[in-house]
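Architecture at a glance
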Amino acid sequence: KGVLNTHLGICNRLHWMQEAYPLGKLDRVLQKTPFSFDVSVWEFFWPLQVGATLVVAKPEGHLDSRYLARRIREERITAIHFVPSMLQIFLEEPSTKTCTSLRYIICSGEALPVELANACTGTLPAALHNLYGPTEAAVDVSSWACPPEMGSRSVPIGRPIANTTLYILDAELNPVPIGVSGELHIGGICLARGYHERPELT
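Let me sum up the structure you'll find in this document. (Residues numbered from 1 in each chain as written. Predicted model: local features only at pLDDT ≥ 70, side-chain atom pairs only at ≥ 80, totals over all residues. Heavy atoms only, no water.)

**Thoughts on the side chain of Asp27**
Among the structural elements, Asp27 can be located in the loop between α1 (7-20) and β1 (28-31). By relative accessible area, which is 6% here, Asp27 ends up buried. Reaching out from Asp27, the side chain makes a polar contact with the side chain of Thr78 at a distance of 2.8 Å. Among the polar contacts listed, one links the side chain of Asp27 to the side chain of Arg103, at a separation of 2.9 Å. Setting aside residues no more than four positions away along its own chain, Asp27 makes contact with Pro22, Ala52, Thr53, Thr78 and Arg103. (Helix = DSSP H or I, 4+ residues; strand = E, 2+ residues; numbered from the N terminus. Buried < 20%, exposed > 50% of the residue type's maximum accessible area, 1.4 Å probe, protein only. Polar contact = N/O pair within 3.5 Å; in protein donor to acceptor, adjacent residues only side chain to side chain. Contact = heavy atoms within 4.5 Å.)

Following this line, the structure appears as C-alpha cells:
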C-alpha cells in the first residue's frame, strides 16, 4: 500500500530522533536497510544533519550477521537499526559480543519479544529502544526505552513522539479505559495525507 507522506513529517521525525537520542560528531551510524523501506530515510539523514558519520553497508549486508559484527567493530559504529527477527539472528553470532562501540540499538518493524529485549541488553552495552510506526505515518509515531531487565509480559510501543497524538478508541470513537482493548488512532504532523489513488480507503 502506498501512502502520501510529507517532508514536514519526515523532518519532524528526524528532529525528534536527534533530541531523543543525541548524536555528536564522533558518532557513526550504519546504514543497512534497503532504501525501499522507510527506516532507511532516518538512517541516511539522521547522521548527516548533525555532522556525524554515515557508514553504508554492502548490498544485502543486513542479512549477514558476521559481516555486520565485523563492520561495527572496524567502523566503530555507535547506532544501528534492527527488525527484531534480524536482531535475534545477530545476537546468535558469537562475535556480536565484541561490538562494544554501540550506544543505540533501535528496533522497529515487528513486535519486540521480552526475551529478545533482555538478551540484547544482557549482551551489549547499548541502550535498546523499541519504536512503532505504521505505513500511514512518517516512519515512527511512538518510542519506548527498554530497561536492562524487562519484567513485564510484553515490550510496550511506548509514548508518542514530538507533535504526535495517540488515542485508543472504541467502535464509537470514544476513549477506552486503561486495560480495555480498542483501536489505535494517530494524529499530528507525522500522519500521511492518505493512500495513493485510493480515496475510499483514505
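**Considering unusual backbone geometry**
Note on backbone geometry: most residues besides glycine have negative phi, and most peptide bonds are trans. At Arg76, a residue that is not glycine, the phi angle is positive and equals roughly 55 degrees. Relative to the helices and strands, Arg76 is located in the loop between α3 (65-75) and β3 (79-82). Phi angles above zero are rare outside glycine, and Glu197 is one such case at about 55 degrees. Mapped onto the fold, Glu197 is located in the segment after β9 (183-188). Overall, the relative accessible area of 68% leaves Glu197 in the exposed class.

**With respect to α1**
Compared with an ideal rise of 1.5 Å per residue, which puts 14 residues at 20 Å, α1 spans 20 Å between its outermost C-alpha atoms and is within 8% of the ideal. Every buried residue of α1 is accounted for by Gly9, Ile10, Asn12, Arg13, Leu14, Trp16, Met17 and Gln18. (Expected span 1.5 Å × (residues − 1).)

**Remarks on the packing of aromatic side chains**
Applying the stated criterion across every chain yields a total of 5 aromatic pairs. Measuring from ring centre to ring centre gives 5.5 Å for Trp16 and Tyr21, while their planes differ by 80 degrees; the resulting arrangement is edge-to-face. Tyr21 shares its class with Trp16; the two are buried. Measuring from centroid to centroid gives 6.3 Å for Trp46 and Tyr104, while their planes differ by 45 degrees, and the two rings are tilted. Remark: Tyr104 occurs in strand β4 (residues 104-107) and Trp46 occurs in helix α2 (residues 39-50); sequence separation between them is 58 residues. (Phe/Tyr/Trp six-rings, centres within 6.5 Å; stacked < 30°, edge-to-face > 60°.)

**Notes on α2**
The end-to-end C-alpha distance of α2 is 18 Å, a good match for the 16 Å that 12 residues give at a rise of 1.5 Å each. If you check which residues of α2 are buried, you get Val39, Ser40, Trp42, Glu43, Trp46 and Pro47. Phi for Gly51, located one or two positions after α2, is positive at around 85 degrees.

**Overview of the nonpolar core**
In this structure, Phe82, Leu87, Phe90, Leu102, Ile105 and Leu128 are the most contacted members of the largest nonpolar core, which totals 29 residues. Those elements that provide at least two residues to this core are α3, β3, α4 (84-92), β4 and α5 (114-123). Apart from the residues within four sequence positions on either side, Ile105 is in contact with Ile80, Phe82, Cys120, Leu124, Ala126, Ala127, Leu128 and His129. Core analysis: the second largest hydrophobic core is formed by 21 residues, Met17, Val29, Ala52 and Val141 among them. (Core = buried A, V, L, I, M, F, W, Y, C linked by side-chain atoms within 4.5 Å.)

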